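Each chain, written out:
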Amino acid sequence: MMGYDGMFPEAARCLGTNGADVILWPARLQDRKERTLLAVPRAVDNRCALIMANRVDAPFGGGSLVVPPAQFPVWNVDVATPNYPDMHKVVFDFVEISSARQKNLMANVHMFANRRPWTYSALVNKPFRTNLDAQ
């Protein structure tokens, strides 16, 4: 997933339904809240680990993090993964691939079993032609 793709859940959803265990996301965050409001849901919604590397020259620099597939043990992302705004820090973490392959949110509730990917075409099919299509 590249940069702006992370703003939309469909990119991570496609990766998850195609069997991704880990999603890599090089990003350029604009605001501190994007760590909590974008990175964490992309991982949790798809039960995939998410490794986000944020640029240090972004408006909200640093803040790279590794999100486990089943959420952080604490709700506050800034406590779980402190922000290091300079480029002299390295984030060390590990990802348990077995937890990313466990797609059951709870007993008898599979994360992908009830998804209907054949209905996604309504989101991507163009209902009409634009002037840009002719070029």
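Residues numbered from 1 in each chain as written. Predicted model: local features only at pLDDT ≥ 70, side-chain atom pairs only at ≥ 80, totals over all residues. Heavy atoms only, no water.

(A) Quick peek at the overall build of the chain. A count of helical and extended segments in the chain gives 5 helices and 5 strands. Helices (α) and strands (β) of the chain occur, in sequence order from the N terminus, as α-β-α-β-β-α-α-β-β-α. The proportion of buried residues among the 135 residues of the chain is 31%. Look at the contacts in the chain between residues 6 or more apart in sequence, and 62% of them connect residues 24 or more apart. Total accessible area on the chain is roughly 9000 Å²; 59% of this is exposed by carbon and sulfur atoms. (Helix = DSSP H or I, 4+ residues; strand = E, 2+ residues; numbered from the N terminus. Buried < 20%, exposed > 50% of the residue type's maximum accessible area, 1.4 Å probe, protein only. Contact = heavy atoms within 4.5 Å. Areas by Shrake-Rupley, 256 points an atom, 1.4 Å probe, with all protein chains shown as cover.)

(B) Seen up close, the sheet that holds strand β2 (residues 49-54). Within the open sheet, the 3 strands sit side by side as β1-β2-β3. Their pairing is mixed. Looking at strand neighbours, the two that pair on one side only are β1 (22-27) and β3 (65-67), the edges of this open sheet. Here the average twist between neighbouring strands, direction ignored, is 15°. With 3 bridges joining them, β2 and β3 adopt antiparallel strand pairing. Following the sheet pairing, Met52 is matched in β3 by Leu65. Sitting on the sheet, helix α2 (residues 34-46) touches β1, β2 and β3, and the angle it makes with β2 is about 145°. (Pairing = 2+ DSSP bridges. Axes fitted to C-alpha atoms, helices over the stretch in contact; angles between N-to-C directions.)

(C) View of the pattern of salt bridges. Considering all chains together, one arrives at 1 salt bridge under this definition. With its nearest N and O atoms 2.7 Å apart, the salt bridge here joins Asp57 to Arg55. (Salt bridge = Lys/Arg side-chain N within 4 Å of Asp/Glu carboxyl O.)

(D) Structural detail: a nonpolar patch on the surface. A surface patch of nonpolar side chains, about 280 Å² in accessible area, is lined by Val22, Leu24, Ile51 and Ile97. Residue position: Val22 is located in strand β1. On the accessibility criterion, Val22 (30% relative accessible area) is partly exposed. (Patch = residues over 30% accessible without salt bridge, like charges linked within 9 Å, V, L, I, M, F, W, Y side chains within 5 Å.)

(E) Inspection of the confidence of the model for the chain at higher detail. With 74% of its residues at a pLDDT of 70 or more, the chain shows a mean pLDDT of 77. Summarising per-element confidence for the chain, the mean pLDDT is lowest in helix α5 (residues 121-124) (64) and highest in β1 (92). (pLDDT = per-residue confidence, 0-100.)

(F) Up close: α2. Here α2 spans 18 Å end to end across 13 residues, near enough to the 18 Å set by a 1.5 Å rise per residue. A maximum bend of about 25° is found in α2 at Val40, where proline Pro41 lies one to four positions downstream. Considered for burial, the residues of α2 that qualify are Glu34, Arg35, Leu38, Ala39, Val40, Arg42, Ala43 and Asn46. (Expected span 1.5 Å × (residues − 1). Bend = angle between axes of the 7 residues up to and from the residue.)

(G) Structural view of the environment of Gly61. Topologically, Gly61 is positioned in the loop between β2 and β3. Considered as a pair, Gly61 and Ala27 are 34 residues apart in the sequence and their alpha carbons are 9.9 Å apart.

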